[in-house]
Amino acid sequence: MISAVFSLCLLQGNINAESLFPEITGWKMQEEKRIYNNSDLWELINGAADIFLTYGFQDLHIAEYSKSDQIIRVELYRHSTPQNAFGIYSAERMPDYPQVNVGSQGYKSEGVLNFLAGIYYVKVMSAGPAQAEESMIAQVAGKLNSSLAQPVGLPDVLKLFPEEGKEYLSEGYIAQNFLGYSFFNSAYTARYKSEAEFQLFIIQAPADDIQQMLNEYSKSLKENKPVKKTNLLVIKDPFNGSVFMEQKANFLVGVINTENEVIAKEYISRVIKKIP
Amino acid sequence: MGKNLQVNRRGFLKSSVMGTAGALICTTAMGNQGSNAKNEPVILRRRLGNTDIELPIVSFGVMRSDNAALVKSAFQMGFEFFDTAHGYQEGRNETMLGEVFKDVPRSSFLLATKVYPDDVNRQTGELGPGSTKESIIEKFDLSLKRLQMSYVDILYLHGVSSREFALAPQLLDAFRELKKQGRVRYVGMSTHHNEPDIIQAAIDSDFYNVVLTAINFTQAHGGAIKEKIALAAEKGIGIIAMKTMAGGFFDKERTLPVNCSAALKWVLQDKNICTSIPGIVTYDQMNQNFAVMENLELTEKEKADLEIPKPLAGLYCDGCMQCVRQCRKHLPVHELMRAYMYTYGYGQVEKAGRLLRETAMVTDPCGDCSDCTVDCPKGIRAAERIADVSRLVNVPLDILASL
């Protein structure tokens, strides 16, 4: 109820604000009056809202472009940071779907084009009785991307992941509770297939914070305390199996989902070498 | 309904989670939980309406697809029922569950998913011509493929918000067909909007086996929901609770966390509710929720934590008036904080609107101040709250009164 009230307020307060949605010749654009925020997103997307909130969801603006019986619906999910927008985009990204060159990254499937643009995760979809043409969906996406004028590119940390053996489009960003532990908070991840299958992760945080995380991790392990082998920490985690980690300055680099210590060490050292 | 079923944890783990009533110890007692004669932990279980399903009173809401290890651990620990949806993370949630359970005997766990029809007006719940039987079946086919399963235990119509939506013949046809094919054991609907009417629709339908409803200690209409839950239970409809943590925070800024165990226990005091599906994303939450399965008794502290005024202390202005002296515009900051509390604490927006008018407030009165001189002893960030709540002056009182 309160959110509905403030939607009304926003409507009145933003009446002169510039629209986020560009005009498209020959199409009628109708912006939805209601703007969803973190207290009412669930009213639109039900339980799927919870994960959006973990990624610093700010608000959602919606518009529809219509022409005869074709409707193209656009949803602009605004997040607190580009990292968070990348996180939710990558959590929903379908690696198997054809990629599109719009924004920082995007993909399409039948009647749908989703892309990432700075702090926005954008969904463009055919929503009318007649299927909108793919080229038109792409055109709307392109115009939106220009209108949003966001910086292009993915988070810099992703450049630290070695290319060799990395699964296509497997990179992600977990904003909270990485590995199921609240003390780890956020991490960048990528999956690998080489001599073994595993996941490489990179946590970026002040060095002292990383030390604190490691202390808490150690404290949480009732048995099998971490073993240090030179710079490599080896942990037998009761839930996540073997966890291999090494810290360098403001980065904690690790490998999970494999027991192969040689491979883990090799990939961690490749990342460590890239850290300035 | 209303019957608690207790079983020793060692006894229930993984042998079979269906049709185990004969092996269970039945009790109607709410007290003396958490142990049996040998002081071994016991898990409270309840039957799901007239189905042949009995479940521990806490289940697992699968919120994220990035931590399969958490789901595996929960299953090994004794969670039996996992809840997902076709639309969660564009299907990756279901895909992850499919990978987790692909090598696990199908009879050792229960799983529910949800499908949302195409062409639904999300505001009104009205269905358009695109809400077809075929589209529901098509979505469900994809869900089963992702889950790598031949059936689900419960299929819900997702996010039902109107009676018309709940009773749409083409949607019921789709569910009926899937049930007949054996690909769905029981049919249900989920609702977190207009819940009493929706539960009534389920009762009237003579169709649904299960209702998944939002229910928590903060809802102003919680009493009405509970009345309908009792009626539904009487008719043999199984009730599953969601949104039991009320979003996890008391305040909009998400700084005042809810005592989640207490909130969960509060919901489960209602014996008409079979189980709950709190979202679990950490091992701590998993352990905490598991502990609720063993002991539903609310401690005195937990009871106190659930008293609305106390947790709302962060919203509550003591009225010390320091702020009025500190504000360079001499705004009635304490009154504005009161309006904020009415709005976010109690949902009394009309009262807040009237208060704002009484103080002759304008929208965003701090807008032309570059910094705020108010230093609240309780740490309340006055300028942010004033900017937020003062927007209510734009909304006519008759509209506020109608909400």
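Residues numbered from 1 in each chain as written. Chains lettered and ligands numbered in written order. Predicted model: local features only at pLDDT ≥ 70, side-chain atom pairs only at ≥ 80, totals over all residues.

Engineer: Break down the sheet that holds strand S10 (residues 187-193) of chain A for me, citing the residues and quoting the values.
Structural biologist: Sheet strands associate in pairs through backbone hydrogen bonding, adopting either a parallel or an antiparallel arrangement. Residue and element names in this part refer to chain A. The strand order across the open sheet formed by seven strands is S9-S10-S11-S15-S14-S13-S12, and the pairing between neighbours is antiparallel. Looking at the sheet topology across the chains shown, the edges are occupied by strand S9 (172-174) and strand S12 (227-229). The average angle at which neighbouring strand axes cross in this sheet is 25°, direction not considered. Of the pairings in the sheet, the one linking strand S11 (residues 197-204) to strand S15 (residues 251-256) comprises six bridges and is antiparallel in character. Residue Ile203 lies in a different strand from S15, and its bridge partner there is Leu252. (Pairing = 2+ DSSP bridges. Helix = DSSP H or I, 4+ residues; strand = E, 2+ residues; numbered from the N terminus. Axes fitted to C-alpha atoms, helices over the stretch in contact; angles between N-to-C directions.)

Engineer: If you had to explain the sheet that holds strand S12 (residues 273-276) of chain B to someone new, which residues and values would you point to?
Structural biologist: All names here are of chain B. The strand order S5-S6-S7-S8-S9-S10-S11-S12 describes an open sheet built from eight strands, whose pairing is parallel. Because the sheet does not close on itself, it has two edges, and the strands there are strand S5 (60-61) and S12. The pairing of strand S10 (residues 210-214) with strand S11 (residues 238-242) spans five bridges and is classified as parallel. Bridging across to S11, Thr213 finds its partner in Ala241. Of the strands in this sheet, strand S8 (152-157) and strand S9 (184-191) are in contact with helix H6 (residues 169-180), which crosses S9 at around 150°. (Contact = placed C-beta atoms within 7 Å.)

Engineer: Which residues make up the confidence of the model for chain A, and what are the values?
Structural biologist: Residues and elements named next belong to chain A. Summarising the model, chain A shows a mean pLDDT of 91, and 93% of its residues fall at 70 or more. No element of chain A has a lower mean pLDDT than helix H1 (residues 2-13), at 54, and none a higher one than S15, at 98. Taken together, the stretch residues 11-17 has pLDDT below 50 and engages in five contacts with residues farther than four places along the chain or on a different chain. (pLDDT = per-residue confidence, 0-100.)

Engineer: So, the interface of chain A and chain B: which residues are in play, and what are the values?
Structural biologist: The interface is formed by 30 residues belonging to chain A together with 39 residues belonging to chain B. At the level of secondary structure, the elements contributing two or more residues to the side of chain A that touches chain B comprise H1, helix H2 (42-45), helix H3 (49-54), helix H4 (82-92) and S9 of chain A. Per element, the largest residue contribution to the side of chain A that touches chain B is eight residues, and it comes from H1 of chain A. For the side of chain A that touches chain B, a count of residues per class yields 17 nonpolar, 10 polar and three charged. (Nonpolar A, V, L, I, M, F, W, Y, C, P; charged D, E, K, R; others polar.)

Engineer: How would you sum up the domain arrangement of chain A? Please name residues and give values.
Structural biologist: Residues and elements named next belong to chain A. What the domain assignment lists for chain A is domain 1 (2-148) and domain 2 (156-274). The straight-line distance from the C-alpha centre of domain 1 to that of domain 2 is 33 Å. Each partner contributes residues to the interface: domain 1 has 11 residues there, and domain 2 has nine residues. The element best represented in the side of domain 1 that touches domain 2 is H4, accounting for six residues. (Domains from an automatic or database assignment.)

Engineer: For the nonpolar core, give the residues involved together with the corresponding values.
Structural biologist: All names here are of chain B. Counting residues in each nonpolar core, the largest one holds 159 residues, and the members touching the most others are Leu155, Ala202, Val211 and Ile239. Sequence-distant contacts of Leu155, that is, excluding residues within four places in its chain, are made with Thr113, Val115, Phe140, Phe175, Leu178, Val184 and Val187. Within the second largest apolar cluster, 26 residues are counted, among which are Cys327, Met337, Tyr340 and Val389. (Core = buried A, V, L, I, M, F, W, Y, C linked by C-beta atoms within 7 Å. Buried ≥ 20, exposed ≤ 12 C-beta atoms within 10 Å, placed from the backbone.)

Engineer: If you had to explain the environment of Ile174 of chain A to someone new, which residues and values would you point to?
Structural biologist: On the secondary structure map, Ile174 of chain A appears in strand S9. By the C-beta count within 10 Å, which is 24 here, Ile174 of chain A ends up buried. With near-sequence residues (within four places) excluded, Ile174 of chain A lies in contact with Gly87, Ser186, Ala187 and Thr189 of chain A together with Asp66 of chain B.

Engineer: Kindly report on the environment of Arg64 of chain B, identifying the contributing residues and their values.
Structural biologist: Positionally, Arg64 of chain B belongs in the loop between S5 and helix H2 (68-77). Arg64 of chain B sits 89 residues away from Asp153 of chain B along the chain, and the two C-alpha atoms are 21 Å apart. Those residues within four positions of Arg64 of chain B in sequence are excluded, and the remaining contacts are Ile51 of chain A together with Val281 of chain B.

Engineer: How would you summarise helix H8 (residues 222-234) of chain B if you had to cite specific residues and measurements?
Structural biologist: Residue and element names in this part refer to chain B. An ideal rise of 1.5 Å per residue puts 18 Å on 13 residues; H8 measures up with 18 Å between its terminal C-alpha atoms. All of the buried residues in H8 are Ile225, Lys228, Ile229, Ala232 and Ala233. Within H8, the buried residues cover an arc of 140° as seen down the axis, which keeps them to one side. Opposite its buried face, H8 presents the exposed residues Gly223 and Glu234, each directed more than 90 degrees away. In this fold, the buried residues of H8 make contact with helix H7 (195-205), S10, S11 and S12. Phi for Gly236, located one or two positions after H8, is positive at around 90°. (Expected span 1.5 Å × (residues − 1). Arc of directions from axis to C-beta.)

Engineer: Got a sec to walk through the packing of helix H9 (residues 260-268) of chain B against helix H10 (residues 283-294) of chain B? Specific residues and values, please.
Structural biologist: Residues and elements named next belong to chain B. Contact geometry for H9 and H10: axes closest at 10 Å, N-to-C directions at 35°. In the crossing of H9 with H10, the sense of the turn from one axis to the other is right-handed. Contact with H9, carried on its side by Cys260, Ser261, Leu264 and Lys265, involves Gln288, Asn289 and Val292 of H10 and no other residues of that element. When the residues that make up the contact of H9 with H10 are grouped by side-chain class, the tally is three nonpolar, three polar and one charged. (Left-handed = near helix turned anticlockwise from the far one by under 90°.)

Engineer: An account of the pairing of S15 of chain A is requested, with residue identities and associated values reported.
Structural biologist: Residue and element names in this part refer to chain A. Counting buried residues in S15 gives six out of six residues, a clear majority hidden from the surface. Every second residue of S15 is oriented toward a common face, with Phe251, Val253 and Val255 on one face and Leu252, Gly254 and Ile256 on the other, all of them buried. Sheet topology places strand S14 (residues 241-248) next to S15; five bridges connect them, and they run antiparallel. Residue Gln247 lies in a different strand from S15, and its bridge partner there is Leu252. What sits between the antiparallel neighbours S14 and S15 is a turn of two residues, in which Ala249 has the positive phi angle 50°.

Engineer: Which residues make up the confidence of the model for chain B, and what values go with them?
Structural biologist: All names here are of chain B. For chain B, mean pLDDT is 84; residues scoring 70 or higher make up 83% of the total. Note on residues 1-35: pLDDT is under 50 here. Beyond four places in sequence and across chains, it has 69 contacts. Both confidence scores are given for the complex: pTM 0.79, ipTM 0.87.

Engineer: Describe the environment of Gln211 of chain A, naming the residues involved and giving the relevant values.
Structural biologist: For Gln211 of chain A, the location among the structural elements is in helix H6 (residues 207-220). The spatial distance from the C-alpha of Gln211 of chain A to the C-alpha of Asn145 of chain A is 40 Å, given a sequence separation of 66 residues.

Engineer: Go over the packing of H2 of chain B against helix H3 (residues 92-101) of chain B with me, naming the residues and quoting the values.
Structural biologist: All names here are of chain B. Two numbers describe how H2 lies on H3: the axes approach to 10 Å, and their chain directions differ by 50°. Comparing their axes, H3 and H2 come out oblique. Relative to H3, the crossing made by H2 is right-handed. In contact with Ala68, Val71 and Lys72 of H2, H3 contributes Met96, Leu97, Glu99 and Val100. Of the residues that constitute the contact of H2 with H3, the class distribution is five nonpolar, no polar and two charged. (Parallel < 35°, antiparallel > 145°, perpendicular 65-115°, else oblique.)

Engineer: So, unusual backbone geometry: which residues are in play, and what are the values?
Structural biologist: You will see that Ala249 of chain A, though not glycine, has its phi angle at about 50°, which is positive. Inspection of the secondary structure puts Ala249 of chain A in the loop between S14 and S15. A positive phi is found at His330 of chain B, a non-glycine position, where the angle reads about 55°. Along the chain, His330 of chain B falls in the loop between helix H12 (322-326) and helix H13 (333-346). A residue is classified by how many C-beta atoms lie within 10 Å of it, and His330 of chain B, with 10 of them, is exposed.

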